[in-house]
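Given next are the chains, with one letter for each unit.
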Amino acid sequence: MTDFTTRRGFLGGTAATALALGAGLRPGLAQDYSALKGKGSLVVCTWGGHYSDEMQRIWFDPFSEVSGVDVSTTSLPDMAKLEVMEKVGNVEWDLVDTEGTQMQLAIEKGLLQPIDYDMVFSLVPKETIDPKVAKDYGIGSVAFSTVIAWNSDLFGAEGPQTWTEWADTERFKGRRALYAQPRPSFEIALMAAGVPPEEIYPIDIDAAFEALDALKPKIDLWVQKTSQWAVLMQNGEVDLMGSSLARTLEEKKRSGRIDFTFNESIVEQSYWTIPKGAPGGAEAQKLLAWMMQPEGMLAYASSLPFVVANTAIYGDIPADMQEQLPGFPANAARNLQIDEAWWAANTAEVQPRWLDWLSRA
Amino acid sequence: MTQIDASDAGIARLQPEERRHGPTAWERQQRGLTLSLMAVPMAVMALAFVLPLLVLLWMSFGGGSSEGFSLKGYGDLMQPVYLRLLGFTLQLALVTTLACALLAYPLAYLMVNIRSRFGAWMGMVLFVTLWLSFLARTFSWIIILQRRGVVNNLLVNTGLIDQPLELVYNKLGVYIGLIHILLPFMVITLIPAMKAIDPAYVRAALSLGATPGRVFREIYLPLSLPGLVAGSMLVFTLAFGFFITPAILGGGRAPTIVLAIRDQIQTLGNLQLAAATSMLLLVFCLGLLVLYDRISGIDRIYDRGGR
């Protein structure tokens, strides 16, 4: 399977802001990094494209300078593949950028080793790391947002502010597109049906499919890959979207013909995990600690619009950046966090039913 | 082969009947030579194709999983959704193969028989499209077929239609994309088969008074059939397993069985189910191959028409 199967293999490049912000944020010389010294090399398995190029530039290369450990990247995180690697005793990855549900799957199959929080908190103060994403077997890498977006030629800045409004074909006449995946289409359909975000979980699967039945005739196309959004937006193929924040923001900056809101945005957390049999496990723990520092976190979040684990970075940032950082407290307060435990427990039931539902005309 | 057969027969004639119990020295030598020549390719076949298939078969029965051997993979597969996706994928592959055959046949005929530089140019254009990535070609179709794409703009601006046609993000779009992407494979398997047809047969039939239609039906088509069968099998197999084009051009309305396998691996992490589904596809394709054999005689694929 190649990288075009993922939702984020093709993240576009808008790194200018990051350069401006990141320049002043080189690791302070006062910090003592002697504990990070190591040897050998690390392989980080992540999602490819601009997304991992920026990780290399902002996190991995500076880490190599400080620690003497080479870091290279590969793609893509796949728990079935990891399971096979663990089974034959030849694990090629030292650090993996897993989706929340992937991590749950890997934990159930006993594929991961615990995070060394002593190492992490020796480098960054404990209170700066979001406790929600500091798990036993993983620590928050980034979180992806799916947002309500619209064609601003048609609706100006006054686009739909909730999924219920988004689904209102009387008020908003246009063509609609959503991801061809149950996650986050379940959440979207339920919110569109009027379920308040805080009452979504645990999802009643039958109710979710009922809500989807109501939504289905309004959806003109289902998107398989994140790379499709740019094509769809640029050509005015659809007017109302539940689209990737990264792609939406990029298109908004490029053409100015797309706008979006953080209201009822859906956030899906990913985690850094270390395979049980990772040959460079000890060095991977050091790299993890390195990445939790605020300088790199801010540089990365400024480059690509993802939520990061260090919450201390939002203190003093310019207003225009506040408007595009999904982790900025005012924006984050309006989002819905995907419940990865629910999805990990129910995907086996949901996925075939979803395919069945989607493939029926 | 014919020479060796001939010498076999010759030796047989020279030998008294009662002495022919075991293989003769000549036969042993011949067998030894065949085996030693075949050893390397057979080893490659076994390692690269047979072994992975056996591993897949083993996994489909729960081999390597924590729960041990079971029929769970095949049990899980017996859901209406998978059978329906299989049915749709089959339909997709069959229609694509048929359309490719109908389009490729005249194209290949033209390329083989045209007497100008144009023929070489056609070949070049065909091969260049094969070098371009599937993904790029798939997205190019979107530019052409979308609501504000080349075709719709032309039709709407010339006043032929009022509303743009739905040409993509549905099954029609999938068919257009798949046929375009797989057409060159059919053409390149047809060309050698057609080149091998001796034009003298056609001329002879015509000179004996057969109508052009009859010449085509009774001479040209049967002689080019091996190429058509081989091309159809190639296109069918590729279309059956094609993933990215249906996923993108289908707009979510044309999920294939391969998409289900992707979900089984990436989303569910259920290798046993994925292996079982793959085995079902394999059995299906083998079944069609056997059917083909019954109808057309599979060994004819290796024939060169007209010789």
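Just so it is clear, the model here is predicted, and its values are computed rather than measured. (Residues numbered from 1 in each chain as written. Chains lettered and ligands numbered in written order. Predicted model: local features only at pLDDT ≥ 70, side-chain atom pairs only at ≥ 80, totals over all residues. Heavy atoms only, no water.)

The interface of chain A with chain B comprises 35 residues on the first partner and 34 residues on the second. Of the roughly 3200 Å² buried between chain A and chain B on both sides combined, carbon and sulfur atoms contribute 57%. Where chain A packs against chain B, one counts two salt bridges. One salt bridge in this structure joins Arg 175 of chain A and Glu 166 of chain B, with 3.4 Å as the shortest N-O distance. Here chain A and chain B share 10 residue pairs in polar contact (both at pLDDT 80 or more) between them. Elements with a contribution of two residues or more to the side of chain A that touches chain B: helix 3 (79-88), strand 8 (219-223), helix 10 (227-234) and helix 16 (340-359) of chain A. Considering each element in turn, the side of chain A that touches chain B owes the most residues, eight residues, to helix 16 of chain A. Each residue belonging to the side of chain A that touches chain B can be placed in one class, and the counts come to 15 nonpolar, 10 polar and 10 charged. (Contact = heavy atoms within 4.5 Å. Buried area = accessible area lost by both parts, 1.4 Å probe. Salt bridge = Lys/Arg side-chain N within 4 Å of Asp/Glu carboxyl O. Polar contact = N/O pair within 3.5 Å; in protein donor to acceptor, adjacent residues only side chain to side chain. Helix = DSSP H or I, 4+ residues; strand = E, 2+ residues; numbered from the N terminus. Nonpolar A, V, L, I, M, F, W, Y, C, P; charged D, E, K, R; others polar.)

In this section: the domain arrangement of chain A. Residues and elements named next belong to chain A. Examined at the domain level, chain A breaks down into domain 1 (3-143 + 269-315 + 329-334) and domain 2 (144-268 + 337-359). Here the C-alpha centroids of domain 1 and domain 2 sit 27 Å apart. Domain 1 puts 28 residues into the contact, and the matching count from domain 2 is 26 residues. At the boundary of domain 1 with domain 2, the tally comes to two salt bridges. The shortest N-O distance in the salt bridge between Glu 99 and Arg 183 comes to 3.4 Å. (Domains from an automatic or database assignment.)

Turning next to helix 12 (residues 281-291) of chain A. Each α-helix winds once per 3.6 residues, and so residues spaced three or four apart point in a common direction. Within helix 12 of chain A, 10 of the 11 residues are buried, which leaves it mostly tucked inside the rest of the structure. Within the sequence span of helix 12 of chain A, burial applies to Gly 281, Glu 283, Ala 284, Gln 285, Lys 286, Leu 287, Leu 288, Ala 289, Trp 290 and Met 291 of chain A. (Buried < 20%, exposed > 50% of the residue type's maximum accessible area, 1.4 Å probe, protein only.)

This structure, assessed with the given rule, holds 27 aromatic pairs over all chains. Ring geometry for Phe 240 of chain B versus Phe 284 of chain B: centroids 6.5 Å apart, planes at 15°, classification stacked. You can see Phe 240 of chain B sitting in helix 10 (residues 212-240) and its partner Phe 284 of chain B sitting in helix 13 (residues 271-296), a full 44 residues away along the chain. Ring-pair connections join several aromatic residues into one group, and the members of that group are Phe 186, Phe 209, Trp 222, Trp 342, Trp 343, Trp 354 and Trp 357 of chain A. Above the face of the Trp 166 of chain A ring, Arg 176 of chain A is positioned so that its terminal group lies 5.7 Å from the ring centre. (Phe/Tyr/Trp six-rings, centres within 6.5 Å; stacked < 30°, edge-to-face > 60°. Lys NZ or Arg CZ within 6 Å of the ring centre and 35° of its normal.)

Right, let's get into the domain arrangement of chain B. A common way to express how large an interface is: the accessible area buried when the components associate. All names here are of chain B. Per the domain assignment, the segments of chain B are domain 1 (17-60) and domain 2 (77-302). Each of domain 1 and domain 2 was reduced to a C-alpha centroid, and the two centroids are 35 Å apart. Between domain 1 and domain 2, the contact holds five residues from the first and seven residues from the second. Where domain 1 abuts domain 2, roughly 520 Å² becomes buried across the two surfaces, and 83% of that area is made up of carbon and sulfur atoms. A per-residue breakdown of the area domain 1 buries against domain 2 is headed by Leu 56, Met 59 and Ser 60, which together make up 75% of the total. In this assembly, domain 1 and domain 2 are joined by zero salt bridges. The interface formed by domain 1 and domain 2 contains zero residue pairs in polar contact (both at pLDDT 80 or more).

This next bit is on the nonpolar core. Judged by nonpolar contacts, the single largest core of 82 residues is most densely connected at Trp 229 of chain A together with Ile 142, Leu 182, Val 187 and Leu 190 of chain B. Examining the composition of this core, we find that 16 residues originate from one element, helix 4 (residues 80-113) of chain B, more than from any other. In this view, Leu 182 of chain B contacts Thr 96, Cys 100, Val 235, Leu 238, Ala 239 and Phe 242 of chain B; residues no more than four positions away in its chain are not counted. Counting 66 residues, the second-largest nonpolar core is a separate cluster that includes Leu 112, Val 133, Met 292 and Ala 309 of chain A. (Core = buried A, V, L, I, M, F, W, Y, C linked by side-chain atoms within 4.5 Å.)

Moving on to the environment of Arg 254 of chain A. Residues and elements named next belong to chain A. Within the secondary structure, Arg 254 is located in helix 11 (residues 245-255). On the accessibility criterion, Arg 254 (54% relative accessible area) is exposed. Along the primary structure Arg 254 and Met 55 are separated by 199 residues, whereas in three dimensions their C-alpha atoms are 23 Å apart.

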